[in-house]
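Listed here are the chains, written in short residue letters.
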Amino acid sequence: MAASLGRLCVTGVRGVLRSRPLVSVLPVGVRALCNPPETFDVSSRYKDQPWEYLNSEEYLERYGENLVWSNYRRNHKRPIPPQKTRKKCIRAGKVCGNPCPICRDQKLHVDYRNIRLLEQFICSHTGVVHDPTKTGVCMEQYKKLVKAISDAQEHGLLTVTIQHQEVTFGEYSYNHGAVAQTPPAPAGTWYSWYEWQEPPAKEVTRLRKMYRPHLKKMMGEE
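Keep in mind that this is a model prediction, so the values were computed, not measured.

**Considering the overall build of the protein**
1) Next: Looking only at helices and strands, the protein features 8 helices and 2 strands.
2) Next: Along the protein, helices and strands appear, N-terminal first, in the series α-α-α-β-β-α-α-α-α-α.
3) Next: Taken over 222 residues, the protein has a buried fraction of 23%.
4) Next: Long-range pairs, those at least 24 residues apart, make up 65% of the contacts in the protein with a sequence separation of at least 6.
5) Next: With the model as given, the accessible surface of the protein reaches about 18,200 Å², and the carbon-plus-sulfur share is 57%.

**Digging into the layout of surface pockets**
1) Next: Here the largest pocket defines a volume of roughly 330 Å³.
2) Next: Tyr72, Arg74, Pro82, Thr133 and Gly136 are, among the 19 residues lining the largest pocket, the residues nearest its centre.
3) Next: Here the lining of the largest pocket is composed, by residue class, of 7 nonpolar, 7 polar and 5 charged.
4) Next: Lining the second largest pocket are 13 residues, with Gln106, Leu108, His109, Gln141 and Lys144 sitting closest to its centre.
5) Next: With 3 residues, the single largest contributor to the lining of the second largest pocket is helix 6 (residues 139–154).
6) Next: Tallied by class, residues from the lining of the second largest pocket come to 6 nonpolar, 3 polar and 4 charged.

**Some points on the pattern of salt bridges**
1) Next: Counted by the stated rule, this structure contains 5 salt bridges.
2) Next: In this structure, Glu58 engages Lys107 in a salt bridge whose closest nitrogen and oxygen atoms are separated by 2.8 Å. Of the two residues, Glu58 is situated in helix 3 (residues 57–62) and Lys107 in the loop between strand 2 (94–95) and helix 4 (115–119); the sequence distance between them amounts to 49 residues.
3) Next: Judged by relative accessible area, which is 18%, Lys107 ranks as buried.

**Looking at the side chain of His130**
1) Next: Examined against the element boundaries, His130 turns out to sit in the loop between helix 4 and helix 5 (132–135).
2) Next: The exposure class of His130 is buried, given its relative accessible area of 14%.

**Looking at the nonpolar core**
1) Next: The biggest cluster of nonpolar side chains holds 25 residues, and the ones touching the most others in it are Val68, Leu108, Leu118 and Phe121.
2) Next: For this core, the secondary-structure elements that each account for two or more residues are helix 4 and helix 6.
3) Next: When residues no more than four places from it in sequence are discounted, the contact partners of Leu108 are Tyr53, Leu54, Tyr59, Tyr63, Val68, Pro101, Ile102 and Leu117.

**Here's the deal with the confidence of the model for the protein**
1) Next: Of the residues in the protein, 74% reach a pLDDT of 70 or more, and the chain-wide mean stands at 78.
2) Next: By mean pLDDT, helix 2 (residues 28–34) is the weakest element of the protein at 47, and helix 6 is the strongest at 94.
3) Next: Note on residues 19–33: pLDDT is under 50 here. Beyond four places in sequence and across chains, it has 9 contacts.

**Notes on a positive patch on the surface**
1) Next: A cluster of like positive charges, contributed by Lys84, Lys87, Lys88, Arg91 and Lys143, occupies part of the molecular surface.
2) Next: Lys87 gets classed as exposed once you look at its relative accessible area, which sits at 63%.

**Re the packing of helix 7 (residues 201–210) against helix 8 (residues 212–219)**
1) Next: At a minimum axis distance of 5 Å, the contact between helix 7 and helix 8 shows a crossing angle of 70°. Taken together, helix 7 and helix 8 sit at an angle that is classed as roughly perpendicular. Touching Arg208, Lys209 and Met210 of helix 7 are Arg212, Pro213 and Leu215, all from helix 8.

Definitions and cut-offs
Residues numbered from 1 in each chain as written. Predicted model: local features only at pLDDT ≥ 70, side-chain atom pairs only at ≥ 80, totals over all residues. Heavy atoms only, no water. Helix = DSSP H or I, 4+ residues; strand = E, 2+ residues; numbered from the N terminus. Buried < 20%, exposed > 50% of the residue type's maximum accessible area, 1.4 Å probe, protein only. Contact = heavy atoms within 4.5 Å. Areas by Shrake-Rupley, 256 points an atom, 1.4 Å probe, with all protein chains shown as cover. 1 Å grid on protein atoms, 1.4 Å probe; cavity = no way out; pocket = protein on both sides within 12 Å on 5 of 7 lines; lining within 4 Å. Points joined across faces, edges and corners; volume = space filled by probe spheres on them. Nonpolar A, V, L, I, M, F, W, Y, C, P; charged D, E, K, R; others polar. Salt bridge = Lys/Arg side-chain N within 4 Å of Asp/Glu carboxyl O. Core = buried A, V, L, I, M, F, W, Y, C linked by side-chain atoms within 4.5 Å. pLDDT = per-residue confidence, 0-100. Patch = residues over 30% accessible without salt bridge, like charges linked within 9 Å, V, L, I, M, F, W, Y side chains within 5 Å. Lys, Arg positive; Asp, Glu negative; His and termini not counted. Charge placed at Lys NZ, Arg CZ, Asp CG, Glu CD. Axes fitted to C-alpha atoms, helices over the stretch in contact; angles between N-to-C directions. Parallel < 35°, antiparallel > 145°, perpendicular 65-115°, else oblique.

Have a look at this one:
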């Protein structure tokens, strides 16, 4: 009797342990970055106003002051990482093992009004969009980023960096050695065919004979 009660107790403890979810030993920030991509909440306010997500406590808890792509590392089999980014992270409804920094967090919606997100993918020194091999985004999201940044610059939401070019006015002056004064125009006509020349009589007769019906209609003759 005592042995059977002992077995029941052990079985009950094992069942409780198996039913409990496993607790990860990773830190909170790293654990959040390693999670699979979340499904976008239709009722969430971030869908229509994605820029509010970057000001929320959820974003600060997950990324802190870091960029969304700073801690991203792509999975690869061999020691040398791939030189090209993947085309898509989600294909036919299936998500790859390690999606890119934007595809893994569906609340990071690429929009030309989401300035704080777009600024993270622009170099602060040159104003050029970071290469996808550096940020780790897939080509689908990279094309969306380039288009959104271009639209934001056209709407005046982002500054446009224009390279300064020094203009030397000496190249456009008339004091250059290769520049000479224009010679005066020659007396009379410049070319012989500028003057009136009487056409041959045979050619005039041939043309009149050819266009005689048309000339009669133009002159009103029957």
